[in-house]
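# Report on the structure
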Amino acid sequence: MAEALETLQRVFGFPAFRGRQAEIVDRLLGGGDALVLMPTGGGKSLCYQLPALLRAGTGIVVSPLIALMQDQVDALLQLGVKAAFLNSSLDAATAMATERRLLAGELDLLYVAPERLLTDRFLGLLDRLAGEERVALFAIDEAHCVSQWGHDFRPEYIQLSILHERYPQVPRIALTATADALTREEIRRRLGLEEAAVFVASFDRPNIRYTVVDRDNPRSQLAAFLAGHRGEAGIVYCLSRKKVDETVAWLQTQGIAALPYHAGLDAETRRAHQQRFVREEGVVMVATIAFGMGIDKPDVRFVAHLDLPKSLEAYYQETGRAGRDFDPAEAWMTYGMNDVVIHRQRIDESAAPEEQKRIERQKLDAMLGYCETAGCRRTLLLRYFGEEHEPCGNCDTCLAPPELWDGTEAARKFMSAALRTGQRFGAGHLIDILRGKHTEKVAQFGHESLPTFGVGADLDEAGWRNIARQLLAAGLLHADAHHYGALKLTDAARPVLKGETTLMLRRQSVRVRGAKKRAAP
Ligand code: ADP
Ligand code: ZN
């Protein structure tokens with residue numbers, strides 16, 4: 001290991017290993033496999049770059065991120081490491097030249113796109129090299145791409161099991177920043193890494209402050225949030241292209257240097273915007289989830305979500321792009337009931353097998369649980385990734401603990417409104433009934449004659465929406481996507497409805513700006 005430390009200092013210019021890097025390097029130098037779960041910015045690359053230099057032959061790095069390959073190779077060349085890449089961005093002559101260098105033993109590291117690696121041609125090259133013990137290791141970066149249920153699924157990744165079958169003597173290291181237990185198991189199983197030593201770094205990002213606000217006026221809420229980040233770089237995530245474009249247009253009228261990024265823009269524009277984001281100061285990128293993977297910009301000060309991400313993995317990855325320089329950064333999100341309905345609908349209507357839908361629903365429920373928690377958000381987030389953590393003191397619920405109140409009676413009123421209307425209506429109409437509003441729809445269905453009509457006039461609309469969301473998040477209600485988000489009671493609702501249990505609810509969080517004082521909750 002003295003040699004490893006010497007190389008770390010001489011080639012990479014780092015005085016010491018970070019976290020579990022030394023153990024991981026050691027494992028590979030000894031010929032073993034490793035599965036590395038480390039948050040973005042944790043220093044994953046070194047874990048395969050260093051052993052690739054120390055072992056005989058070339059280290060083969062599989063990466064799905066073509067844009068990132070170039071950057072990584074450039075950085076390595078600067079350090080004097082002989083690195084190259086092979087992907088579809090190269091012309092045939094350059095690719096051939098790289099292959100020749102590989103065969104001639106002139107490369108320490110070769111980055112390859114998975115689809116390229118799986119070609120007969122490339123496997124043929126590997127056969128020759130491996131036969132002569134000239135493959136130092138295989139590194140499989142962004143290994144969570146193998147997970148069919150994940151957000152970055154790449155079908156070619158599944159076929160990477162071939163590396164294990166064909167070259168069992170070559171050590172392999174799989175790396176990812178996604179660490180939930182499900183994905184971890186899938187990586188192990190699909191890549192044949194049952195024997196691999198697993199290295200899990202802490203996923204805590206202590207400098208990121210987490211905040212979730214109930215959405216009522218997203219624009220003024222966003223404006224209030226951004227007012228605290230003038231001149232700083234950040235990312236605003238939306239689920240649809242349309243919303244990205246609208247948000248950019250609006251932010252620009254507010255004097256904010258906002259740029260759009262989504263799959264509807266041509267590659268040239270996307271590249272230009274990405275470059276401005278990285279190079280200029282204070283650019284706010286408004287993006288769909290297509291943006292951010294592999295962007296190396298350490299001083300992103302905030303990540304704002306205008307829509308609910310579909311899972312905590314996605315949320316964690318997206319928010320993880322903030323504060324990679326370890327300075328204070330914010331992860332801020334607005335969330336409303338409509339988000340839940342839209343996601344449920346997307347899942348229900350997808351052509352995916354039932355098993356996958358079940359998992360996606362579970363993931364969405366965990367995401368909801370995060371939004372509705374009265375406890376520390378970081379504790380909840382890290383527990384999801386298998387880590388225990390004390391209340392952090394750096395999230396909204398730690399800084400201003402939400403008050404709890406006995407919501408049993410209110411919940412019963414809400415649920416009986418749903419029951420008495422045949423469980424065919426969404427929250428808006430049920431709230432109108434509870435509040436005793438004489439709307440057209442109420443008249444049309446004769447709902448003013450219900451016993452529940454007007455029994456909830458003591459709470460305002462936002463108060464009732466808050467309750468409905470918590471009932472949904474607690475699994476007492478279910479939004480039926482086939483009926484426009486009609487709210488139905490689940491079995492779990494029964495004890496509450498019968499008055500057998502008490503239901504404690506979170507009082508609505510204090511609003512940032514333009515807040516009217518409102519009736520509890
Ligand atoms: P990841 O791939 O996990 O997101 P990187 O490999 O890009 O992380 O590393 C993140 C940053 O940490 C890089 O700037 C890298 O140079 C730096 N780094 C990695 N290992 C060390 C170390 N042992 N000492 C100091 N800096 C390190
Ligand atoms: Zn906290």
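Scroll up a little and you will see the structure.
Quick caveat: nothing in here was measured; it's all calculated off a predicted structure.

### Some words on the site of ligand 1
Around ligand 1, the surrounding shell consists of Phe14, Phe17, Arg18, Gln21, Met38, Thr40, Gly41, Gly42, Gly43, Lys44, Ser45 and Leu46. By residue class, the composition of the shell around ligand 1 is four nonpolar, six polar and two charged.

### Considering the sheet that holds strand E13 (residues 329-335)
Ordered in space as E8-E13-E12-E9-E11-E10, the six strands form an open sheet in which the pairing is parallel. Looking at strand neighbours, the two that pair on one side only are strand E8 (208-214) and strand E10 (258-261), the edges of this open sheet. Strand after strand, the sheet turns through a mean of 15° between neighbouring axes, direction not considered. Relative to E13, strand E12 (residues 302-305) is paired through four bridges, and the arrangement is parallel. Paired with His305 across the bridge in E13 is Met333.

### Structural notes on the pairing of E10
Alternating positions in E10 separate into two faces, Ala258 and Pro260 on one and Leu259 and Tyr261 on the other, with burial throughout. By the bridge criterion, four bridges tie E10 to strand E11 (residues 284-287) in an arrangement that is parallel. Bridge pairing in E11 links Pro260 to Val286. Once you follow E10 into helix H13 (residues 267-279) and on to E11, the crossover reads as right-handed.

### Quick notes on the nonpolar core
With 87 residues, the main nonpolar core has Met285, Val286, Phe414, Leu430 and Leu472 as its most contacted residues. Once you skip the residues sitting within four places of it in the chain, Leu472 turns out to touch Met337, Val340, Leu368, Leu477 and Ala479. Counting 57 residues, the second-largest nonpolar core is a separate cluster that includes Leu53, Leu86, Leu137 and Ala139.

Procedures and definitions
Residues numbered from 1 in each chain as written. Chains lettered and ligands numbered in written order. Predicted model: local features only at pLDDT ≥ 70, side-chain atom pairs only at ≥ 80, totals over all residues. Near = placed C-beta within 6 Å. Nonpolar A, V, L, I, M, F, W, Y, C, P; charged D, E, K, R; others polar. Pairing = 2+ DSSP bridges. Helix = DSSP H or I, 4+ residues; strand = E, 2+ residues; numbered from the N terminus. Axes fitted to C-alpha atoms, helices over the stretch in contact; angles between N-to-C directions. Buried ≥ 20, exposed ≤ 12 C-beta atoms within 10 Å, placed from the backbone. Right-handed = clockwise from strand over helix to strand, strands pointing away. Core = buried A, V, L, I, M, F, W, Y, C linked by C-beta atoms within 7 Å. Contact = placed C-beta atoms within 7 Å.

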